[in-house]
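Residue-level listing of the chains:
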Amino acid sequence: MDTLFTHVSVVTMDENLTVLTDAFVGVTDGKIAYLGKTEPSEQAAHTVDATGMVMMPGMINCHTQLPMTILRGYAEDCDLQTWLENSIFPREEKLDGRAAKAAALLGIVEAVRFGTTSVSDLYAFSDETCEAIAQSGIKANVARPVSYFEGEEAFDFASFSMTKEAAALHKKWHGYDNGRIQIEMGIHAEYAATPETWEAVSRYAAENGLGLQVRLSETEQENESCLERTGLTPAQVLDCHHVFDGRTAAVHCVHLTEEDRALLGRRHVSAVHCPTSNLKLASGRADVVALVKNGVNVALGTDSAAASNNLDLFAEMKLAALQAKELHGDAGSFSAQAALMMATVCGARAQGREKECGMLKVGMDADLILLDFTQPHLIPCHDLANHLVYAASGHDVAMTMVRGKVLYAQGKFPTIDLASVISELQTYAIGKVFGDGKDEA
Ligand SMILES: [Zn+2]
């Protein structure tokens, strides 16, 4: 046994939602090898006394745009379209691969600091993002979003720049480090491409057994314009063009009709709920209770740090629970356990990783985190799940482990040289993106 955690409280998130107190968890060759109330007989190379600590599965953030950490806090207090057009797009134009990689590393540092062990990224500069992911040890499903507008060069999957990039990414990175990196296909959104583009992208995903990430019904305007053009909702249109044929993660799902939700359930599409981003940009509120009632697997995402300001999935869990209660006028409509499931088990399912992570169980990858429950704001503790959702935050994470390897502990990041990442941001990336100092809008 490589590592043995002793005297730890464990929120396993297994099928019975088993919680163990004063337990022992052993890790061997990157997998959970032991989990139980009695001390295992096998000797461990390394023992961690986890008295006062709570262990849970590493959290799974199903919507990030890692390089966008560089735009954190740059533009606030405006709606999505104004925010994008006046502030975000002009700055993104200045971003290059080198700056994007530094910003992606910063995003990964932040994610593991807050207890995230796997992310789904939907952004440009995917190759540089994969380099950062490879180096860091975090798991990731990476998709290069494709957008295509009529009037550009004629669309041809093999020669169009974005699909070419996506295919190259697939060849280079898919399955890297025993599947730690998975490449998926990406569609920016219904409004940002054409039916033949969706079909070509979906076909490539199907032919190569890849998942697919797409934004869906983030704003009311997106729905209205789609209805006007096609007479159908974005969910219906995308479904007609095979976007939901494989394992698909639909991000946002704010403005769905009841028929849309039933459709997603029927087609086994996972919805990725990003409550902070949707509320802050005043996009609206996704009805996760209604999604779940329709059999939809609902995962959680922070969205980019430009939209939600940090990558703390604990904040998203709490907000998801509070928002669902408020939306339904019923405090019992959404439980802490449901929020924890979204951040773990359902996230793993959305990523197609349910056999390897999302719960703590013998044989699963040792993707796990420890939280320090000796802090004043976590005393007394009557129920671990309630505290994890309503009282804890990412700052309480004391250790983050992926496949048995520590990525964060005691303020240190063993796989990432944080000082050099910050220096690269300060001496290169921030100047590259903000060098002229003022908005062009
Ligand atoms: Zn996003």
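About the thresholds
Residues numbered from 1 in each chain as written. Predicted model: local features only at pLDDT ≥ 70, side-chain atom pairs only at ≥ 80, totals over all residues. Helix = DSSP H or I, 4+ residues; strand = E, 2+ residues; numbered from the N terminus. Buried ≥ 20, exposed ≤ 12 C-beta atoms within 10 Å, placed from the backbone. Contact = placed C-beta atoms within 7 Å. Domains from an automatic or database assignment. Nonpolar A, V, L, I, M, F, W, Y, C, P; charged D, E, K, R; others polar. Pairing = 2+ DSSP bridges. Axes fitted to C-alpha atoms, helices over the stretch in contact; angles between N-to-C directions. Expected span 1.5 Å × (residues − 1). Parallel < 35°, antiparallel > 145°, perpendicular 65-115°, else oblique. Left-handed = near helix turned anticlockwise from the far one by under 90°. Core = buried A, V, L, I, M, F, W, Y, C linked by C-beta atoms within 7 Å. Right-handed = clockwise from strand over helix to strand, strands pointing away.

**Brief notes about the environment of Thr-28**
Mapped onto the elements, Thr-28 comes out in strand β2 (residues 19-28). Thr-28 sits in the partly exposed class, given 17 other C-beta atoms within 10 Å. Residues in contact with Thr-28, not counting those within four places in the same chain, are Met-1, Asp-2 and Ala-33.

**Brief notes about the domain arrangement of the chain**
The domain boundaries assigned to the chain delineate domain 1 (3-57 + 364-409) and domain 2 (59-350). With 19 residues of domain 1 at the contact, the number on the domain 2 side is 23 residues. Taken together, the elements giving at least two residues each to the side of domain 1 that touches domain 2 come down to α16 (384-390), β15 (397-402) and β16 (405-409). Residues that form the side of domain 1 that touches domain 2 fall into these classes: 13 nonpolar, 4 polar and 2 charged.

**A look at the pairing of β16**
As defined by bridge partners, β15 adjoins β16 across 4 bridges and the pair is classed as antiparallel. Pairing of Thr-400 across the sheet is with Tyr-408, part of β16. In sequence, β15 turns back onto β16 through a hairpin of 2 residues, with Arg-403 there showing a positive phi of about 50°.

**Considerations on the sheet that holds strand β6 (residues 59-64)**
Here 8 strands make up an open sheet; going across it, the order is β6-β7-β8-β9-β10-β11-β12-β13 and the pairing parallel. Edge strands, defined here as strands with exactly one partner in the open sheet, are β6 and β13 (297-300). Taken over all neighbouring pairs, the strand axes of this sheet differ in orientation by 25° on average, direction set aside. Where β6 meets strand β7 (residues 116-122), 4 bridges bridge the pair, whose relative direction is parallel. Within β7, the position partnered with Asn-61 by the bridge is Val-119. Lying on the sheet, helix α13 (residues 313-328) is in contact with β6, β7, β12 (270-273) and β13; it crosses β13 at an angle near 130°.

**Some points on helix α2 (residues 97-113)**
Along its 17 residues, α2 runs 24 Å from first to last C-alpha, staying within 8% of the 24 Å computed at 1.5 Å per residue. Positive backbone phi, approximately 90°, marks Gly-115, located one or two places after α2.

**Considerations on the packing of α2 against helix α17 (residues 418-434)**
Contact pair α2 / α17: the axes reach a minimum separation of 9 Å and the direction vectors enclose 135°. Put simply, α2 runs oblique to α17. Along this stretch, α2 crosses α17, giving a crossing that reads as left-handed. Along its contact with α2, which presents Arg-98, Ala-99, Ala-102, Ala-103, Leu-105, Leu-106 and Val-109, the element α17 presents Leu-418, Val-421, Glu-424, Leu-425, Tyr-428, Ala-429, Lys-432 and Val-433. Of the residues belonging to the contact of α2 with α17, the class tally is 12 nonpolar, no polar and 3 charged.

**Brief notes about the nonpolar core**
Val-25, Met-55, Ile-108, Ala-250, Met-317 and Met-342 are the most contacted members of the largest nonpolar core, which totals 145 residues. For this core, the leading source of residues is α2, giving 11 residues. The residue makeup of this core includes at least three contributed by each of domain 1 (3-57 + 364-409) and domain 2 (59-350). Every residue in contact with Met-55, bar those within four places of it in the chain, is listed here: Phe-5, Val-8, Ser-9, Val-10, Val-25, Ala-50, Leu-360, Leu-368 and Leu-370.

**Thoughts on the pairing of β12**
Every second residue of β12 is oriented toward a common face, with Ser-270 and Val-272 on one face and Ala-271 and His-273 on the other, all of them buried. Where strand β11 (residues 248-252) lies against β12, 3 bridges are found, and the strand directions are parallel. Looking at the pairing, Ala-250 lines up with Ala-271 of β12. Crossover connection from β11 via helix α9 (residues 258-266) to parallel β12: handedness right-handed. Here 4 bridges tie β12 to β13, and the two strands are oriented parallel to one another. When the sheet's bridge partners are listed, Ser-270 is paired in β13 with Asn-297.

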